[in-house]
Amino acid sequence: MKQKKIIFNWKMNPESSKDADKLFVFVKKHSNFTIVIAPPSVYLQELASFSKKSSKIKIASQDVFYAPKGSYTGEISVPMLKKMGIWGSIIGHSERRYIFGESDGLISKKIKSALDGKLSVVLCVGERTKMSFNNSWNYVKSQLDKDLSLIQATSYKLQATKLIIAYEPVWSIGGHKTTDASHSALMIKKIKDLLYTRYKIQATTLYGGSVNCQNISSFLEYPEIDGFLVGSASLKEKEISCIINKVNGNK
Ligand code: PGA
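Residues numbered from 1 in each chain as written. Predicted model: local features only at pLDDT ≥ 70, side-chain atom pairs only at ≥ 80, totals over all residues. Heavy atoms only, no water.

**Q** Looking at this structure, I do not really get the state of the cysteines. What am I missing?
**A** By definition, a disulfide links two cysteine residues through a covalent bond between their sulfur atoms. Scanning the entire structure with this criterion turns up 1 disulfide. Disulfide pairing is shown between C213 and C242; the S-S distance is 1.9 Å. In this structure the cystine formed by C213 and C242 twists about its S-S bond by roughly 55 degrees; its chirality is therefore right-handed. Here C213, found in the loop between strand 7 (205–208) and helix 8 (216–220), pairs with C242, found in helix 9 (residues 237–247); they are 29 residues apart in sequence, far enough to count as distant. Judged by its relative accessible area of 17%, C213 falls in the buried class. Assessed through its relative accessible area of 17%, C242 is described here as buried. (Disulfide = S-S within 2.5 Å. Helix = DSSP H or I, 4+ residues; strand = E, 2+ residues; numbered from the N terminus. Buried < 20%, exposed > 50% of the residue type's maximum accessible area, 1.4 Å probe, protein only.)

Now the structure itself:
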């Protein structure tokens, strides 16, 4: 069976770099396959230097801006991340879209800039409220159409390994909302079919939204789900070791 991909999105946690280092060491100690950690940007430099000594951990940013440099207060660029040894960036997370008002137009520029700069992209898409399968798909398809509008199959050499999609129904994010694994598996299949038709790539497509030790087994039953983007649970040692265990096929 193909190794599942795990990305830990720490969001705006933990509070100190000491705690971030501790959590990094814990993940490294317990993982026997490559795990991506997306820490707050203030910890990127240090964790990236730790990760250079280990093939088991890769570091991603939680966002990136499209311009390479200039007057963009608060932003970080693709060249900065590349120079630090960062593997990739989450782009279009629902918290960026709906708390910070990021548009699909902005997200599409960020994706292009990251891929042009050879930074891997984890593009997050997902319907905002609980809705029927058809409506969910129409919502997500429209996001993909707009977010990938600057990526042309013919003019752009797209590598499957560089573009990862995370399907995260927005209503299920937060750490304790139950989700229907079969709905997610079907959505992921549709996303993969679309990317194959358009770019001829088998895009790694993850599920995200309250994934934890208790519910991960129901998602693991679906081979089309290539892995998980984990938020809240990725901050708790017990959850981390349990998730790794279950992904390894242990009951
Ligand atoms: P959650 O977050 O696991 O806490 O629901 C997932 C995400 O927002 O990526």
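**Q** What am I meant to see in the site of the ligand here?
**A** Surrounding the ligand, one finds 13 residues, the nearest of these being K11, H93, E168, S210 and S232. The separation between an oxygen atom of the ligand and a polar side-chain atom of K11 is 2.7 Å. One nitrogen or oxygen atom from the main chain of G231 is found 2.9 Å from an oxygen atom belonging to the ligand. For the ligand, whose free accessible area comes to 280 Å², the fraction covered by protein is 99%. (Near = heavy atom within 4 Å. Polar contact = N/O pair within 3.5 Å; in protein donor to acceptor, adjacent residues only side chain to side chain. Areas by Shrake-Rupley, 256 points an atom, 1.4 Å probe, with all protein chains shown as cover.)

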